[in-house]
Amino acid sequence: MTLRAILLMILSMALLAGSDAFYKLATQRAPIGEAMTLVAIGGTVLFIALAMAMRVKVLTRDALHPMILLRNGFEIIGAIGLVNGLAHVSLPVFAAIMQTGPLIVTIGAAIFLKEVIGPRRWFAVAAGILGMLLVIRPWSASFTGYELFAVLGIAGLSGRDLVTRLSPSHIPALAISTWGFAVTIPAGILLWSLADRPSDYSAPTLWFMLGAIVVTTLGYLAITTAMRMAPASVVAPFRYTRLLFTPALGMLIFGDRPDLMTYLGAGIIFAAGLYTFLRERALARTVAPAAPALAQPARQKAC
C-alpha cells in the first residue's frame, strides 16, 4: 500500500509537470487570459462533476466563509502569477521557483500563525531563498522581470495553503478546490480583455488547453488518493520529483538548456525544502509522545 501511494505521488508530479508544459504551449499561440479562462472553466466543470459523483455539495453558504474568501483571493493572485510566469519563463527556472513553496509557507506560519520556527529551519529557509536568487539572478542580463510573476504565483499559492489551515474542518476539500478553480475564471476574463493579440481557437491550441485541464485534474486525484493511502510524512517528500519532470519537459519540448547556476540554485532549494520537511517531521515525533505523558497526572488526579 505504501509503495502504491509513493508511486501515485510521483505520477501526480509528472502529470502536473505535464500541465505546466501544456499551459506554456497554449500561451505560445493564444493570449494568456484566453488560456487561463478556458482552462479554469474546464477544470471547474470537471471538479463539479467529480463533486456530484462523490455527493459533495458545492453550492453552500460555506463558500462565503471569510477564510474561504481570503483563500480564493490568494488563489487568484497565485493563478495570475503562475500563468504569466509559465508564459515567459523557461520551465527549469519556473520549476525551481515553484519548489520554494514549502519554505514560504514556513515563513508565513511563523509570522501569521505564530508557529515556533527553530534556528536550523530559519537557516534552511535562508538557504532556499539564496537558491531562488541564484536561479532568477535579478542582477544579471538574463533577468527579464517575468521571473517575478512566478515568485508572485508561488507566494499566492503559499498564502492559499496557509489560509487553508484556518478554514473550517467540516468543509470538504473537494468543495474548496472547486471554488478555488471557479474564482480564477473572472480573473482570466479580465486578462483576456487586456490582451494585445487576437484570440486563437485553432485545433492545436484547444488541444493544448484540453490537455492542461485533463492532466491537472488527474494530478489532483492522484495526490488526493496518495495522501489517503499512506501518511503524509511518507509521500510528501516525493513532491520534489516535480523538480525533475518539469525541467525535463522543458528540455525535450522547448529546447531549454539550464546553466550551472540554475542547477546549483535548484539543488539548494531542493536540499533546503527537504531538510525543512524532515525537521518538522522529527519535531512532530518528539511532541506526540509527550501528550500522553502530560495527560497521565491529570487522570491520576481525577481518580
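Being a predicted model, the structure only gives us computed values, none of them experimental.

Q: Please clarify how helix α4 (residues 91–98) should be interpreted in this entry.
A: A turn of α-helix holds 3.6 residues, and therefore any two residues three or four places apart point the same way. Summarising burial for α4: eight of the eight residues are buried, a large majority. Taken as a whole, α4 has its buried residues at Leu91, Pro92, Val93, Phe94, Ala95, Ala96, Ile97 and Met98.

Q: Just checking my understanding: could you explain the pattern of salt bridges for this structure?
A: Opposite charge on two side chains lets them pair, provided their charged atoms get close. Applying the stated criterion across every chain yields a total of four salt bridges. Of the charged contacts, one joins Glu75 and Arg71 as a salt bridge, the two residues approaching to 3.3 Å between their closest N and O atoms. Of the two residues, Glu75 and Arg71 are both situated in helix α3 (residues 66–88); the distance of four residues between them amounts to about one turn of the helix. Neither Glu75 nor Arg71 differs from the other in exposure class; each is buried. The partner of Asp259 in a salt bridge is Arg137, and the shortest N-O contact between them spans 2.7 Å. A residue pair is termed long-range when its members are at least 10 positions apart, and Asp259 in the loop between α12 (242–253) and α13 (260–287) and Arg137 in the loop between α6 (119–136) and α7 (147–166) qualify at 122 residues. One network of salt bridges, in which partners are shared, links Arg71, Glu75 and Arg160.

Q: Looking at this structure, I do not really get the nonpolar core. What am I missing?
A: As a rule of thumb, soluble globular proteins bury nonpolar side chains together. One finds Tyr23, Phe94 and Ile97 to be the most contacted residues of the largest nonpolar core, which totals 37 residues. Every element with two or more residues in this core is listed here: α1 (2–29), α2 (32–53), α3, α4, α6, α7, α10 (203–229) and α13. Examining the composition of this core, we find that seven residues originate from one element, α4, more than from any other. Sequence-distant contacts of Tyr23, that is, excluding residues within four places in its chain, are made with Ala35, Met36, Val39, Val83, Leu86 and Ala212.

Q: What exactly am I supposed to notice about the layout of surface pockets here?
A: Leftover empty space is mapped by rolling, across the atoms, a probe with the size of a water molecule. The computed volume of the second largest pocket comes to approximately 220 Å³. Every residue lining the second largest pocket is listed: Thr27, Pro31, Ile32, Gly33, Asn84, Ala87, His88, Leu191, Leu194, Ala195, Asp196 and Arg197. Listing elements by their share of the lining of the second largest pocket, those giving two or more residues are α2 and α3. In terms of residue count, the dominant contributor to the lining of the second largest pocket is α3 (three residues). Split into classes, the residues belonging to the lining of the second largest pocket amount to six nonpolar, four polar and two charged.

Q: Would you take a moment to explain the confidence of the model for the protein chain for this structure?
A: The predicted coordinates of low-pLDDT regions are not to be read in fine detail. Here the protein chain shows a mean pLDDT of 85. Residues at 70 or above account for 90%. Across the protein chain, element-level confidence peaks in helix α9 (residues 184–193) with a mean pLDDT of 94 and bottoms out in helix α14 (residues 290–302) with 47. Predicted confidence is poor over residues 297–303, with pLDDT under 50, and the contacts of this stretch with residues over four places away or in other chains come to one contact.

Q: I would appreciate a short explanation of the packing of α1 against α12 in the present structure.
A: Two numbers describe a pair of packed helices, the interaxial angle and the distance between the axes. It is the contact of α1 with α12, at a shortest axis distance of 8 Å, that shows an interaxial angle of 35°. The interaxial crossing formed by α1 with α12 has right-handed handedness. On α12, the residues that touch Ile10, Met13, Ala14, Leu16, Ala17, Gly18, Asp20, Ala21 and Leu25 of α1 are Arg242, Phe245, Thr246, Leu249 and Ile253.

Q: Just to check I follow, could you spell out the packing of aromatic side chains for this structure?
A: By convention here, two paired aromatic rings are described through the distance between centres and the angle between planes. Following the criterion strictly, the structure yields four aromatic pairs and no others. Centroid distance Phe47 to Phe181: 5.1 Å. Interplanar angle 45°. Geometry classified as tilted. Here Phe47, found in helix α2, pairs with Phe181, found in helix α8 (residues 173–182); they are 134 residues apart in sequence, far enough to count as distant. An angle of 50° between the planes, with centres 6.5 Å apart, marks the rings of Trp192 and Tyr201 as tilted. The class for Trp192 is partly exposed, based on a relative accessible area of 21%.

Q: Explanation requested: α7 in the structure shown.
A: With 20 residues, α7 ought to run about 28 Å at 1.5 Å a step, and its terminal C-alpha atoms sit 30 Å apart, in line with that. Residues of α7 that are buried: Glu147, Ala150, Val151, Gly153, Ile154, Gly156, Leu157, Ser158, Gly159, Arg160, Leu162 and Val163. If you follow the buried residues of α7, they end up packed against α3, α4, α5 (101–112) and α6.

Q: What is the right way to read the environment of Leu218 from this model?
A: With respect to the helices, strands and loops of the structure, Leu218 is situated in helix α10. Look at Leu218 and you get partly exposed, because its relative accessible area is 42%. Sequence-wise, Leu218 and Phe112 are 106 residues apart; in three dimensions their C-alpha atoms are separated by 32 Å.

Conventions and cut-offs
- Residues numbered from 1 in each chain as written.
- Predicted model: local features only at pLDDT ≥ 70, side-chain atom pairs only at ≥ 80, totals over all residues.
- Heavy atoms only, no water.
- Buried < 20%, exposed > 50% of the residue type's maximum accessible area, 1.4 Å probe, protein only.
- Helix = DSSP H or I, 4+ residues; strand = E, 2+ residues; numbered from the N terminus.
- Salt bridge = Lys/Arg side-chain N within 4 Å of Asp/Glu carboxyl O.
- Core = buried A, V, L, I, M, F, W, Y, C linked by side-chain atoms within 4.5 Å.
- Contact = heavy atoms within 4.5 Å.
- 1 Å grid on protein atoms, 1.4 Å probe; cavity = no way out; pocket = protein on both sides within 12 Å on 5 of 7 lines; lining within 4 Å.
- Points joined across faces, edges and corners; volume = space filled by probe spheres on them.
- Nonpolar A, V, L, I, M, F, W, Y, C, P; charged D, E, K, R; others polar.
- pLDDT = per-residue confidence, 0-100.
- Axes fitted to C-alpha atoms, helices over the stretch in contact; angles between N-to-C directions.
- Left-handed = near helix turned anticlockwise from the far one by under 90°.
- Phe/Tyr/Trp six-rings, centres within 6.5 Å; stacked < 30°, edge-to-face > 60°.
- Expected span 1.5 Å × (residues − 1).

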